[in-house]
Structures are given as C-alpha cells and as structure tokens.
Amino acid sequence: MDTTTSYLGLTLRHPLVASAGPLSQSVDQVKALADTGLGAVVLYSLFAEQVQRQAERDLALEEDYAESFAEATSYFPSMDELANPAAGYLSLIERSAKAVDVPVIASLNASALGSWTSFAQQLVDAGASALECNIYLVPGDLSMTGAEVEAQHLEIVAAVKQAVDVPVAVKLSPYFSSPGNFALQVIEAGADGLVLFNRFLQPGVDVEQLAVVSGVHLSSPADARVPRTWIAALRRQTKASLAASSGVESSADAIAHLLAGADVVMTTSALVRHGAGYAAKLIAGMDDWAQSKGYTSVDEFRGLLAVPSDADPLGYHRSGYMAALEKAKSMYGSLRH
Amino acid sequence: MARVIIDGNEAAASASYRLNELCSIYPITPSSTMAELADEWSARGRKNVYGSIPTVIEMQSEGGAAGALHGALQGGALSTTFTASQGLLLMIPNMYKIAGELTSMVLNVAARSLAAQGLSIYGDHQDVMAVRQTGFAMLNSSSVQEAHDMAAIAQLATLRSRVPFVHFFDGFRTSHEENSCELLTDEQLLAFVPEDLVRAHRRRALSPEHPYIRGTAQNPDTYFQGREAANPFYEAVPGIVSAAMDQFAALAGRHYNLVDYYGAPDAERVIVIMGSGAHTVRSTVEHLVGKGEKVGVVQIRLYRPFPTEEVLAAIPATAKAVAVLDRTKEPGAGGEPLFLDLAAALGEAHAAGRRDHLPHLSGGRYGLSSKEFTPAMVVGIYDELALPSPRPRFTIGINDDVTMLSLPYDPSIDLEDPSTLRAVFYGLGSDGTVGANKNSVKILGGIEGTYAQGYYVYDSKKSGSRTVSHLRFGPKPIEAPYLVSQAGFIGCHHWSILERVDVLEFAAPGTVLLINAPFGPDEVFAQLPVPMQAKIIALGIELWTIDANLVARKAGMGRRTNTVLQTCFFAISKVMPRAEAIEAVKATIRKTYARKGADVVAKNEAAVDASVDSLFRVEVPAAPVGEHQMIPPVPSSAPEFVRNVTGSMLAGTGDSLPVSALPVDGTYPSGTTRYEKRNISDVIAQWDPEACIQCGNCAFVCPHAVLRAKYYNSSALDGAPEGFESAPLNAAGFPGSRYTLQVYAEDCTGCGLCTEACPVKPLGATSNRRAINLAPVLERDKEIANVAFFEKIPVNRRSRIDFANVRGTQFLEPLFEFSGACSGCGETPYLKLLTQLFGGRATVANATGCSSIYGGNLPTTPWSSNKYGRGPAWSNSLFEDNAEFGLGLRLAADLHTATARKRLEELRDELGDETVDAILDAPQQYESELSQQRARVDALKSRLDGMTGAKVEDLRSVADHLLRRSVWIVGGDGWAYDIGSAGVDHVLASGRNVNILVLDTEVYSNTGGQASKSTPLGAVAKFAAGGKVTTKKDMALQATAYGNVYVARVAMGADPQQTLKAFREAEAYDGPSLILAYSHCIAHGIDMRKGLDQQYAAVASGHWPLMRYNPVLRAAGRNPFLLDSPRPRLPLRDYHAKELRFRMLMNSDPEAAERLLELGQEQVTRRWAEYEEMATRGAERFAEVARS
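Residues numbered from 1 in each chain as written. Chains lettered and ligands numbered in written order. Predicted model: local features only at pLDDT ≥ 70, side-chain atom pairs only at ≥ 80, totals over all residues. Heavy atoms only, no water.

Visitor: Please explain the overall build of chain A as it appears in this structure.
Guide: Counting secondary structure elements, chain A contains 12 helices and 12 strands. Relative to its 337 residues, chain A shows a buried fraction of 51%. Of the contacts made within chain A by residues no fewer than 6 positions apart, 70% connect residues no fewer than 24 positions apart. Approximately 15,200 Å² of chain A is accessible, and the part contributed by carbon and sulfur atoms is 54%. (Helix = DSSP H or I, 4+ residues; strand = E, 2+ residues; numbered from the N terminus. Buried < 20%, exposed > 50% of the residue type's maximum accessible area, 1.4 Å probe, protein only. Contact = heavy atoms within 4.5 Å. Areas by Shrake-Rupley, 256 points an atom, 1.4 Å probe, with all protein chains shown as cover.)

Visitor: How should I be thinking about the pattern of salt bridges in this particular structure?
Guide: Think of it this way: side chains of opposite charge can pair up when their charged atoms draw near. All names here are of chain B. Evaluation of the coordinates by the stated rule reveals 80 salt bridges over all chains. Between Glu 906 and Lys 902 there is a salt bridge, with the nearest N and O atoms lying 3.9 Å from each other. Taken together, the residues Glu 906 and Lys 902, both in helix α30 (residues 882–906) and four residues apart, mark about one turn of the helix. Relative accessible area serves as the criterion here: at 31%, Glu 906 is assigned to the partly exposed category. When salt bridges that share partners are traced, they join Asp 1000, Glu 1002, Lys 1032, Glu 1139 and Arg 1141 into one network. (Salt bridge = Lys/Arg side-chain N within 4 Å of Asp/Glu carboxyl O.)

Visitor: Hey, could you run me through the side chain of Thr 450 of chain B in this one?
Guide: Residue and element names in this part refer to chain B. Relative to the elements of secondary structure, Thr 450 occurs in the loop between α15 (433–445) and β17 (451–458). Residue classification places Thr 450 among the buried residues on the basis of a relative accessible area of 18%. Every residue in contact with Thr 450, bar those within four places of it in the chain, is listed here: Arg 3, Leu 444, Gly 445 and Gly 474.

Visitor: Would you mind going over the environment of Gly 983 of chain B with me for this structure?
Guide: All names here are of chain B. The residue Gly 983 is located in helix α36 (residues 981–989) in this model. The class for Gly 983 is buried, based on a relative accessible area of 6%. In this view, Gly 983 contacts Ala 883 and Glu 884; residues no more than four positions away in its chain are not counted.

Visitor: Please clarify how unusual backbone geometry should be interpreted in this entry.
Guide: Residues other than glycine predominantly adopt negative phi, and peptide bonds predominantly adopt the trans conformation. Omega for the bond connecting Leu 196 of chain A with Phe 197 of chain A falls within 30 degrees of zero, at 0 degrees, which places this linkage in the cis form. Here Ser 246 of chain A, not a glycine, exhibits a phi torsion of approximately 95 degrees, which is positive. Tracing the chain through its elements places Ser 246 of chain A in the loop between β11 (241–245) and α8 (251–260). Positioned with a positive phi, Phe 818 of chain B is a non-glycine residue whose angle comes to about 55 degrees. Checked against the element boundaries, Phe 818 of chain B lands in the loop between α27 (806–809) and α28 (828–838).

Visitor: Please explain the sheet that holds strand β13 (residues 321–326) of chain B as it appears in this structure.
Guide: Strand pairs in the sheet, formed through backbone hydrogen bonds, run parallel or antiparallel to each other. Residue and element names in this part refer to chain B. Strand order in the open sheet formed by six strands is β9-β11-β10-β13-β14-β15, with mixed pairing between adjacent strands. The outermost strands of the open sheet, each flanked by one partner alone, are β9 (259–263) and β15 (393–396). Neighbour-to-neighbour, the strand axes of the sheet open up by a mean angle of 25 degrees, direction not taken into account. With five bridges joining them, β9 and strand β11 (residues 295–300) adopt antiparallel strand pairing. Within β11, the residue paired with Asp 260 across the bridge is Gln 299. (Pairing = 2+ DSSP bridges. Axes fitted to C-alpha atoms, helices over the stretch in contact; angles between N-to-C directions.)

Visitor: It is not clear to me how helix α6 (residues 144–161) of chain B should be interpreted in this structure. Could you clarify?
Guide: In an α-helix, one turn spans 3.6 residues, which is why side chains three or four residues apart end up on the same side. Residues and elements named next belong to chain B. Between its first and last C-alpha atoms α6 spans 25 Å; for 18 residues at 1.5 Å apiece the expected length is 26 Å, and the two agree. Burial analysis of α6 places 17 of its 18 residues in the buried class, the great majority of the element. Once α6 ends, the next one or two residues include Arg 162, with phi positive near 70 degrees. (Expected span 1.5 Å × (residues − 1).)

Visitor: How should the interface of chain B and chain A be read in this particular structure?
Guide: Many descriptions give the size of an interface as the accessible area lost when the pieces come together. Counting from both sides, the interface comprises 58 residues of chain B and, opposite them, 37 residues of chain A. Counting the surface lost from both chain B and chain A, the interface buries some 4,400 Å², and carbon and sulfur atoms represent 54% of this. At the junction of chain B with chain A, the criterion picks out six salt bridges. One salt bridge in this structure joins Asp 64 of chain A and Arg 560 of chain B, with 3.8 Å as the shortest N-O distance. Connecting chain B to chain A are 13 residue pairs in polar contact (both at pLDDT 80 or more). It is helix α42 (residues 1140–1148) of chain B that contributes the most residues to the side of chain B that touches chain A, seven residues altogether. Each residue belonging to the side of chain B that touches chain A can be placed in one class, and the counts come to 21 nonpolar, 17 polar and 20 charged. (Buried area = accessible area lost by both parts, 1.4 Å probe. Polar contact = N/O pair within 3.5 Å; in protein donor to acceptor, adjacent residues only side chain to side chain. Nonpolar A, V, L, I, M, F, W, Y, C, P; charged D, E, K, R; others polar.)

Visitor: Please clarify how the environment of Val 42 of chain A should be interpreted in this entry.
Guide: All names here are of chain A. Topologically, Val 42 is positioned in strand β4 (residues 40–47). A residue is classified by how much of its surface remains accessible, and Val 42, at 0% relative accessible area, is buried. Sequence spacing of Val 42 and Ala 97 is 55 residues, and the spatial spacing of their C-alpha atoms is 11 Å. Discounting chain neighbours no more than four positions away, the residues touching Val 42 are Val 17, Ala 18, Ser 19, Ala 20, Ser 24, Ile 105, Ser 107, Glu 132 and Met 266.

Visitor: Mind showing me how you'd approach the pairing of strand β28 (residues 842–846) of chain B here?
Guide: Looking along a regular strand, one sees side chains alternate from face to face of the sheet. All names here are of chain B. Counting buried residues in β28 gives five out of five residues, a clear majority hidden from the surface. Direction of pairing for β28 relative to strand β30 (residues 966–972): parallel, over a ladder of five bridges. Looking at β30, one finds that Thr 843 is bridged to Val 967. Relative to strand β29 (residues 873–875), β28 is paired through three bridges, and the arrangement is parallel. Each bridged residue has a counterpart across the sheet, and for Thr 843 the counterpart in β29 is Ala 873. With helix α29 (residues 850–856) bridging β28 and the parallel β29, this β-α-β connection has right-handed handedness. (Right-handed = clockwise from strand over helix to strand, strands pointing away.)

Visitor: When you look at the state of the cysteines in this model, what are you seeing that I'm missing?
Guide: Formally, a disulfide is one covalent bond, and it connects the sulfur atom of one cysteine to the sulfur atom of another. Residue and element names in this part refer to chain B. Overall, the coordinates contain zero disulfides over all chains when judged by the stated rule. Summary of cysteine pairing: Cys 692 is not part of a disulfide, and the nearest cysteine sulfur, belonging to Cys 698, is at 6.3 Å. In this structure Cys 698 is not part of a disulfide, and its nearest cysteine sulfur, from Cys 695, lies 6.3 Å away. (Disulfide = S-S within 2.5 Å.)

Visitor: Could you clarify how one ought to interpret empty space enclosed by the protein in this entry?
Guide: Residues and elements named next belong to chain B. Counted by the stated rule, this structure contains 13 cavities of 30 Å³ or more. Considering only enclosed or pocket space, the largest cavity measures out at about 390 Å³ in volume. Together, 37 residues line the largest cavity, and Thr 848, Gly 849, Phe 879, Asn 1006 and Thr 1007 are the ones closest to its centre. Among the elements of the structure, α4 (85–100), α29, β30 and α35 (973–979) are those that each provide at least two residues to the lining of the largest cavity. When residues in the lining of the largest cavity are grouped by element, the largest group, four residues, is from α35. Each residue belonging to the lining of the largest cavity can be placed in one class, and the counts come to 17 nonpolar, 14 polar and six charged. (1 Å grid on protein atoms, 1.4 Å probe; cavity = no way out; pocket = protein on both sides within 12 Å on 5 of 7 lines; lining within 4 Å. Points joined across faces, edges and corners; volume = space filled by probe spheres on them.)

Set out below in structure tokens:
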C-alpha cells in the first residue's frame, strides 16, 4: 500500500509521526523511533525561556564566587565564546538529522518575540527539516483578553515565518473562543500546517502532602475527540497541513484521525506506555486495516469523514450535538429511573 | 600590534604559548592563570606560530611537570611551564638536569614567597632566588608589557644559546595587574623566533635513528671537567640576550638592555633593583632629578648569568652610595643575593684597578609577600644614602623595632602624575565589584589615548570576603606598581565595610565618595560613623549615595550591584563624558552577556538606566551629627594578642604592626575566629522550638558550627534573656530537662544547609518551611544576648552522650568553628565532626589547599579548644608531603608513648602497681575508656608533681602520651589523588595508626577549580576545559587492596549516620584508615544550598557509592567489604544535570558531553556490579590482616 504522505510540503513515508515528547532526547532514541517506520520525528520541545533562565543561573553560579579570593579569581574555564545554552538541543537536531532518513522536525516554545525568531533560526541552521511552534502562553494571566492572546499568536507566526526558510507548523491549544476560525487565521498568518492540539499540563493536588503536584499525564483515546472534530471541520476549509495529536492508543485511533482529514497522526503517549517499538505495531495495524478495506493508498481514505466543504457548519455541528444528546439519553436515561 | 588590557600572566602566556609546542603544567598561585589560559587556548584549537596546536598536559605535581618537561625537551619538543614558589622548588632537581644538558626552554615564573614561618601566596623573589644556582639563565620583567616582551626575548635567547631560561615577574603585582599591553602578532613572533631555531632544537633530541646516551653517571675523573665544559655557553648568554633585545627593538619598537640606567648621569646616590619595584624607583628618580637631586637607578633585567660588566658600566663613576634592593630574605647570609653580586662586582673591579672609587654599599630588603613598595619608601632610601654613614643593611616598608633595621620614611609623600585619575573601590566578593572594575579598566583603557591600570586586593576569607580595587586612568602609560595612596574617587559598595574599616584612608581633599547605603540622601550622613563624617567635612569630600541593592533587586539582578555601581562611577567620576560613559557601559554589557541571552542584557541595561535615576548628591553639614562609631574588629574582652595584633590585621592596619608584635616562629593562638563577629549575612538560621524534633541533623551539617545544642535542667533558664528559646528535652528519662538549639547569629552565613537537612515539615506550614528556617536578622543585640547566655550553660558531659548516632553528636562541642570557608562549604562539616568526636586529643596534619586556608589563614583561625584548654593541635607543612608529615607526628607520639610506658615501669616502685598497671593495661578504644584514662593520667601528673628525679621529669614531659593520641591527616583531592598520592600510599602501607581524611571536592578548589585525578569523567574544569576524558581514580578500591587499611567512602548529605560510623571506626582502628568524604563545592557550579541534595544524588546515581572496608571484620572471619548505599536508582544524567561543571560541556561540545555521559553511566554500572560482588564474597577471598 502507498503510505506516502505530504506534510508541510515534506514527503513522508508514512502518516504516523512521533510527536514532541520525552522519547526524543537522544540520537539513539530518535533512531529507535525512526526505525519503526514512522514518517517523521518531532523532537521534544525546546523551551527558550527555560534555556535562557538556565543560562542566567549558570552565569550567577560562575560570577557569584568569582573575583572574591586572591588564589582563585574564577572557578571555571572561560569557554564562553564556544558555549551556547541551547547547544545540546541543536546538536541533537544535527546528529539526528544525519542519523535517520526521515525528516526531523524541531519543536520550539518561547514567549518573547525575539526569542522565537533567534531560536527558530538556530534550530533551522542545525538542520531541522521543519519547525513546530508550540505556542503555549501560560494560562492564568487574568488581565489578558482573548483578542490579545490571538494577536500574540499571529505575531509570533508571522515573525517566525519571516525568520526561517523551512516549513512551519503551529501547535495550538484548543482553548479559543472560536478555534476553527482562529486556526484559519493562523494559516493566513503564514503557518504551513497546524498541529491540533497541545494539552495544558494540568496540575493535580496531593491531598496527603497538601501540595500541588505537576500534572504531566499521558493522553487517552478520549482525548482524541476534540482534535478530531476540529480537523474534520477544518479539512475542507484549508490546503494547509493538519496534524492530529492526542489520544492515539491503537491503530484504529490513528485511522480515525486520518478519516477525519488529518494529513499526519502524531503520537507519544502510546509510545511512552508501550515503548518506541509500539509504533511499528500501530503502523502494521493501520496498513492491515487499509488493506482489509481494499485501499491502495492513504490518500484514498484520508478525509472521508471530514465535514464537507459545502455543509452548513452550524447545522452540521448542531446535528452532531443533537445526535450525541439523543445517544446519551438512550444510554444513561434509564439509569435515572 | 594590538593594544589590549590584560594582566601579566596573560601577557607572558600569550607569547610563551605561541612559541611552544608543549606546556607541562600544574596549578599554583599566582601562576595558575598562565597554565589555565594555555589549556583553554589549546582546547579551542588555537595554534602556535609554527602552525600546530600546543599539547597541554597537567601533571600530578610541579615535580612531575618538570619531569615531563625534561622528557619532552629531550624528545625535541619546544616546551615550557608556568609556576611559582614551592612549585618552582619542586622543579629544582630537573632544572639542574635541563641546564646541565644545555636544553633550550623558558620557565615562566610569577615570583612568590616561600612557606617559612607561614605560607604566603603573595609576591617576592624568594622562589626565583632559590634557583639561581641551577644553571638556568634568569631574565625578569618589571611590567605587564615586559612580561610579554621578555617571554619572547627569553625564547629566542634560549634557542640561540642552548641555556635554559627562567623568565620571572612579580607575583600578583605584575601577574595580576591589568594594564595596557601591545601584543605581538603571530607574524612578528614567527619572524622573531624563526623555525630554523626550532629545527636545531629538534635535532638535539634523542632518537633511535641516531642514538647516543645522555644522563650518564660520572666519576671523580671527569665530572668536574664536564661541569666546566659548558662555560662558553654561559659566557655567550649576555651577548645573545643583548642581541635579542636589539632585534626585538627593531621589531616592536620597545628597547631593553641587560641593565638599564635611569637618572642623573652624575648621580651620587644609586639604587640597584630588579622586578616591578624598578618602575617605582624610576618614577621617583625622575621626580627627584627634576628637583635637581643627583640620584639614579640601575635596573637589572638579566640576572643570571650575572652581567658584571654591564652592571659596572651602568653605575655612574660618581656614585658615592649604592643601595642594592633584594625582594628576598636569606637568614644568616652576609647579604641578600643581588647585594652580594653587586658587592663582588664592584669590589673586584676596584681591586683590579678598573674602578677608582668604591661607593658605600647598603643591602636592603623590601616588598616581601607583596608588601607595598612606594615612591615614599624610595625617597626614604635615598635620604638614607645621603647620610654620612648609611646603614649597611636595612629593610624598608616595615617597622622593625627588634633589630632596628627598618628605614624611616614619610608615607604621605605622593609623587603621582596629577593627570592620572585614581580610584579605590571597596566591595564584597559576592557583589561583583572587582568584575565591574575590570570592565571599567577595559572600557577606559580601550579608548585611544587613554591608559588604564587595575589591581585588586582580596582578604583571606572565602565567604563574605572584602575586596579593594585600585584603579588608575590617564593620558600617559601607567607605570605605578603600587597601590593608590590618594584617590580622586572612592566607592564603598557595601555599608558594613565603612562601619569596620577606614574607607577614607586613601582620601584627599575634594575626593568624590560614592557609598551604597540603605538610607535616603537626607538620612545617610547621620548614619555614617562619626570619625568618617569628620573626615568628609575636613577634606571637603563630595559625597554621593545610592541604594544599589534596591536598584539591583528591582532590576532583577539579586545581590549583584556591580552594574549599578559601575554606572554611578562613570556618572560622577568625570572620567569621561557622562552620556558617552553610560553608552560604553551598555556596550560592554551587550558584549559580555550577549551569549547569556537577551534577557540578561536587557536586565543589565535597565539597571544602568535605573542607577542614574537613583543616584543622589548628599548635602554635607558643617559638623558631624549622630553618634555612630566604628565597630571594633574584636571585642574588648578578647585576649591581648587578639586585641592588639589580630584586631589590627582585621581592621586593615596590619601593615603598621611592628616586628616585635609578631611571633618569632609562626606560632599563633588557636581558636581566634570566635572573636571576629563578621555578620556577613542578612538572613540567618532561625530555630522553631515547637516544630523541632531535636534530631541534630542541622547541627551535624552546619559548615560554620553556628548551631549548638545543649540540654540542661530547667533551672538553668533562670536569668535567661527575653526571647531565649528552649523546648522540653525530647528524650526519655530526662524529665524537667530543657533543650536549646542556639543559632550563633553573628557567625551564621545564611547558607541554608540546616534547612535542607531538617526532616521536619510542620503540619500546615507552607511548602518550604522546616523546623529551622532562614529569616532576616532583626535584632542583632538580642541575638548576641542569647548567645552569651547560652555559652554560660555548661557543655554536656561527653560521658553522658551517645556518640553512636547523629542525634547525640549535636551535644558534643565543636572545636572547629566559624571558619571563613565558603558559605555552605561541603568540607567543613566533616572537620567539625572530627573535632567533636576526637578534638581534645587530636593532632591534625593539614595539606595545603582550601582546608589549610580556611583552617590556618590569618588573621583568625577556626581550630579551637575547650574549657579545659584542650583542642586539636593543627599544622600545615606543605602540599605534597602531608601524609608523611602526619606520619611523622604519629611516629613522634608513638616514641613518646613508648618512653612514657618505659618510665612508668621504671617508677613502678614509687607509683605503685595499681597505678602503673591501670594506666598501662587500660583499653582506650571507646570514649568512656578514654575519659577514664584521661583521669588516670591527670592523677599521675598530680602525683609526679610531688616527686623529683630525672625519670620523673622525663615521665612528666611525655605523660600526656599515655592517652591515645588521635592523628589525623587531612587534605583535599589535589593532595591525596595527585601531588601527595605517593605519600598517601606509603603512609597507608606503613601500617601505622593514622587517619587520613580526604575532603574530596573532585577538583583543586583552592586554586580555582583545576582538574585532579578525582575529577569525574565529563566534568569541565580548568586544565580539562574540553571536559575530563578519563575516569576518576578509585582510591577506595586501591586502598582496600592492602587488606589492613580501614577504608570508607562517605557523603554526609546522603547518609550522615554512615559518616559518623565511619569516622568512629576509622579512629578506633589500630592501623591506617582512609576516609573519602564527598564534599560539594562552589567549583561544582551548584546552588550551594542544594549541596546536600547533590551529595544524595551523587550516591543515588552510583557516582559515589557509600562503602566501608573494615579489616577488623576480616580478622573476625567476616567479609570486611560493606556496601552501605542502595543500588543506583537515579540516572547519572540527572545527577549531572544539576551541576554546571557537567552542563558546561553540554553547552560547548554536546556530542562529547553525550558520549562521556554514556561512558560514565556504563562505568558507574560496572563499578557497582564489582562492588556488589565484593560485598557478597566469602571472607576467605579477602587478605587476612597480618597484625591484628
């Protein structure tokens, strides 16, 4: 079967892609992912501000004790001009790109506009085939309006696009008043593709320790519904690439995303749960399914269940909503009595 | 040719590195920087002028460096090294060989004092004078520029003459002075030292292609002649050097001579000198000649071979009196070396009729250990020479009231060029003052037509240290190798300094004074000490103030006030137009911090703008106001010596102490840190008696011994000051007893290790709160009263304390307290524990390094004594010989014990069987046994007091040795793994009862973070700038191979109980013991507050597996190898991620970092498996101990 897929203008051998996550921290890990047959590897996100803060702390660690004592006016060699606080990440891109034969996509998260562009350039210089902008503005700033959040996103996208000459994908959060419309605005601003969606790291509460604990958790198939719905809605409205992220536990979950209209399907949680090698199983499962259905290429079934471009969006969604309510009533209604 | 601002070390290294192929190095102050630069340049791939990247190899000692150098030279490589002081002494044997074999090389020396009555890191010529007999030629530099030029001239001369050279310049004064320097380009250097000379050097190498033998053993028949055979080469040296100097002048435009004369052609009074002091004399001569005085100075550049003819030619025939100045001391000699050389030259010339007139000759010593040598002193010397009979021997710069050798002089004489702006800055090490000043010097010195000089004085503390920066700027080259004496600008960057030292010592009428004060412009004057106010008024000082801490904090820069205060200096010093100056500061910020990211740059730039807005000129009233006085350096209750001598050193007036004030043999009272209340932290530990479970963990880890616990009957609280904290003692069987954990507020450095060690998290408290927390110091007076009351409560009796657990140790009195070690030091808690457990009967041999500096650097020292006057006796011999030194102490103690036992037997009839047997047969392993023995020995001594006779006298002199003495050999990894390694090995092999404690920071901490054989794989350190590529030596495993050595690897932060156990077992073991103690360090690049966490991570990752090897167990038929930490459960990556030393490599060479990390992880896993196997072996697979 022909699994060739076009994503952000890149030609991928398969629509299943490793999304940004903890499994791409070393070249060996990236190789292990690529060896499964995945179409591309998105590296873990480089958090620009974190890198800068670390650089600042490192500077303090060097300076705090320097020039204090006659025998030792410093405690470290001054190799400054060679040092780059992001060097580890850049080297990972460079070495990964050489080590694997699938595109290596760098993922960047920053807040200040200047950081976005300067880091984006460095990532591209290091050899990233494309860039994924993981725009994640810290929620909790109650003074910021929705319009401001949106404007900031668009500004970043435009600036990054201008700064680099490789395709740029934008990973969005689902929490916009009108995610679909805003997604189109992002594309308008220059994005070559969208990754839907990133997930807020939702903190939890440890009632024993009376403490807030960090909320990193793996996604489950239920998390796939929101992105899938929006991909289905957007598919026929744009030529830009669409990547579905979240909730891929089985090959069926991945196929569902493709049916909704995703160009590629991204997964990390399943691979974290089952190991990188699990990607090969997902791929085999997807291929088996396609063959069992008689498809000879992915393109034949991609977007089959997308919202038709001429559908009345309100009506379409409304009818889906009504159907869902009806189903809920029939499933749970009897329990009330 | 590029004009740059650099220090003398860099100037010399820049030429030397580019003209050599190999640098064989070892760190020693003040020369380390040269070696560090060579290593950095090599790591970055910088080439020499011949197109190759020099190999830089760190050796285990200077002796090793010289050996490798000798080999490399015999192998035909252009080779050099950089050293000083004791390091140079260790090279002497090889120097004779290298010279004897006529081998070309230049040895660069930042000349430094030698350890005699005390060690000193500062500059003089004692070290180089100790090698004048080796056969090396000796060329000296007197300035930063010359350090560069002479390094090149020496290189050419050595290759032409085949005679090796020592190129030396004054440690600190030149090595650390920043000044303008024109660097020779690679092309110039290559033209100056062409490749044919290199090839000639290579041709002389040993080679099996054309073999010959060198290094033979010779006999009476020919040795002598062979020694004389090289004479023509030495005779040729002056001519070769002179020619090289001429050639250099043609190349670079700077002309030097073997001997230079400056002054009146018909001078009657002449000074002969070499080194940086020559500039001081030259500028003074210029001034005096301008006034019509007939004075002159002979500056000697080539000292060996001694250029007799040139020297004679330089001294005007009119000279009536000549003073020869030596920056060295040779006790018992007829005179110092340069003086004797001059005397011989003049005497011979006169006797041979080649010189009509023989001037009066005086030999003077000056400038030992960087003692100031100023124009005022030079005037004093010329005044002496004008007397009818000048003193034949003298000293200058001190007050010798014992042998009356010192010359008087008028210190108020100031001959500096008024066009030079002079500035002095007082700062604390941590505030970045020196760094900012170095920037200022670079900014101003970088301007066309402006010259700049910076010199920095540091005190001896590693935490809360005071720095004084001396800066000069002006339109003429600055040749003033002495401190500023009258400053146009004074900056006092920390309020606490002006309360303690006279920051107006260098003030002149109209000086601009900037103070960083936590007070507003209207309030600040009244807050100043009254004597300072008076001086401000009297001198008409222009006073400015800023709350730089506030500005820095607001700008997000924490405690770093450097940018703020630097801006203020530029804004008000008039050193350059204000707007231009501020733009220059910003430009430097952008350049310095560009790599650190836009945020850092933005913060600093914002701080610059905020500074100008927060700077105020203060209205100075006509008369002093308020009643603030200076804080005395030590309390009036301190002993007389501490008040008069130590106090003077603390107040910064130690230079004025007369010779009579000082001990004749370097013996000082111990335990003087207790008198120096430094108050260096604004936040200190605060005990929460309600939450505290009295576990003792905090007191155990406190590096500064500022947490003291006592339990006592509640009646002891009578008269307690209000606010004195206590809690019911948390122990069964002590009803009515109270417990107090007292914070010594004035001594606490606010390091926070106590908080981190505290296991208590009070219910409902915010997440970081513990039973001991850091809090701002609110009422110092109350804290002082609490400590005073606490000290009146008796220390708990040792016999009633359970030593076996950490909880018990908190009640043992520490006899190592309040050291000047870094805040949060990882070493000192181990030393404190040592003194708590064994201090009253311990002798400590301490290797040179951090522990000898915070342990023994004047003014105040932390090793103290208890109320009986007993405490650890401490001494430092050298760096390399500490194990042997400690063994010597053990052997002496054993000898005395044997003598005491013998005499006791001999006096059996008089003393009675019971007394004698009780003492001789007493077991002395446990504390209870030891305290009983101490009582017996005390009783014996009382009885001996009533007896007479030679044997009685003899027994009395050694009776103390009947109590088992605890001998500790302490030092860092630089000593134990490297320079002292052979000694440590030998002492462990001796089977003698010594305890070796290695405070393992995995790096040379004291000299600034150079790699040792303990440095882990992948760590970046100086001399391993590209990351260490070899693994850390496993000393524990090496030592266990002996079978009869007790070995422990401990990490207090991971398992304090295991640490305690190991210390007690090691001490109790009747044989050699080795404890390797993980010591977190500022050189790891960690938040020191998290030091204990990093210790834990080191253990949890398997980097530092806790273990003990106890030969006693083997003797009992058990496996002696005990693995004390659980299987590694933390990836090495996670441990590394928290330390800058590992992160640095990731930032500069991530590929190498990854590779080394992988190798490191493999190595950790492999070693663990090996340890596990050992720990589960049968006892029979370990060697049995021969003696039990």
